[in-house]
Amino acid sequence: VMRCAKAGPALVAALGDRSLDVRLPAAWSLGRLGQVETLDRIIESLAGDSRLAALRVPDIILELGSRTVPVLKKLLATPQPQVRKLAVELLGSLGEKSATGPLIGLLRSGEPELRIAACAALGRIGGEGSAREVARCLDDPDWAVRAKAAWIVGQLRLIPAIAQLKRSLRDKAWWVRFNAGEALAKLGDPGRGALTDCLLDE
């Protein structure tokens, strides 16, 4: 709160503490001090904790602003899956259009959780190119990825994906069918027409 820059090294050391209750305020303080060079350490320190996204990291990123983007992009290539996933989520939160290319590349990752995170991030960033790539995930081998893609396609109001969404109404996974139906309902008259056609389906 005092923005005490001299405390920087001690705060960085505190990122290694066993207790999340120490690591979180240390990370927040470093963000408040504007020490963007510590961002990779902050993310590595917190990425394994499931509560973190709802807590401090988005605040830290907003505090540091666009200076975080190069660090987050670099973290997309880290070997640590949890760190990669968090970097994807944060780039989506920032709406960082320059990250669109790398995020599209992650839609072909071998990790379903990372593909889901990339779908969500691209949905937040928006744009026709992002929407088309997310629509391709309606054919992903993992049902959770297909379900997220259907939801995002609806959010992005992607009319050209109507035929794919109609096919998704036959998916074996209930969540995929439900999200595909909701997506069609968001697509105005064309989507409602597609749903009406499906009333005749078995």
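Up top is the structure these notes are about.
Calculation notes
Residues numbered from 1 in each chain as written. Predicted model: local features only at pLDDT ≥ 70, side-chain atom pairs only at ≥ 80, totals over all residues. Heavy atoms only, no water. Phe/Tyr/Trp six-rings, centres within 6.5 Å; stacked < 30°, edge-to-face > 60°. Helix = DSSP H or I, 4+ residues; strand = E, 2+ residues; numbered from the N terminus. Buried < 20%, exposed > 50% of the residue type's maximum accessible area, 1.4 Å probe, protein only. Disulfide = S-S within 2.5 Å. Core = buried A, V, L, I, M, F, W, Y, C linked by side-chain atoms within 4.5 Å. Contact = heavy atoms within 4.5 Å. Salt bridge = Lys/Arg side-chain N within 4 Å of Asp/Glu carboxyl O.

Caption draft 1: View of the packing of aromatic side chains. Counted by the stated rule, this structure contains 3 aromatic pairs. Ring plane angle 15° and centroid distance 5.0 Å describe the contact between Trp174 and Phe178, whose orientation is recorded as stacked. With Trp174 and Phe178 both in helix α12 (residues 174-185) and 4 residues apart, the pair spans about one turn of that helix. Residue classification places Phe178 among the partly exposed positions, given a relative accessible area of 34%.

Caption draft 2: Representation of the state of the cysteines. Applying the stated criterion across every chain yields a total of 0 disulfides. Cysteine Cys137 shares no disulfide, and the gap to the nearest cysteine sulfur, in Cys119, comes to 3.9 Å. Look at Cys137 and you get buried, because its relative accessible area is 5%.

Caption draft 3: Region of the structure containing unusual backbone geometry. One non-glycine residue with positive phi stands out, namely Arg3, at about 50°. The phi dihedral of Arg157 is positive, around 55°, even though this residue is not glycine. A residue is classified by how much of its surface remains accessible, and Arg157, at 47% relative accessible area, is partly exposed.

Caption draft 4: Representation of the nonpolar core in the model. Ile43, Val88, Leu103, Val153 and Leu165 are the most contacted members of the largest nonpolar core, which has 59 residues in total. Examining the composition of this core, we find that 7 residues originate from one element, helix α8 (residues 112-125), more than from any other. Beyond its immediate stretch of four places on either side in the chain, Ile43 contacts Leu72, Leu75, Val83, Leu86 and Leu90.

Caption draft 5: Here's a closer look at the pattern of salt bridges. If you walk through the whole model with that rule in mind, you get 10 salt bridges. Taking the shortest distance from any N to any O, the salt bridge between Glu133 and Arg108 comes out at 3.9 Å. Here the residue Glu133 occupies a position in helix α9 (residues 128-136), and Arg108 occupies one in the loop between α7 (100-106) and α8, the gap between them amounting to 25 residues. Residue Glu133 is classed as buried on the basis of its relative accessible area, which comes to 15%. Under the relative-accessibility criterion, Arg108 is labelled exposed at 59%. The partner of Arg132 in a salt bridge is Glu128, with the nearest N and O atoms 3.2 Å apart. Separated by 4 residues within a single helix, Arg132 and Glu128 lie in helix α9, roughly one turn from each other. Assessed through its relative accessible area of 46%, Arg132 is described here as partly exposed. Because the salt bridges share partners, they merge into one network encompassing Arg108, Glu133 and Arg136.

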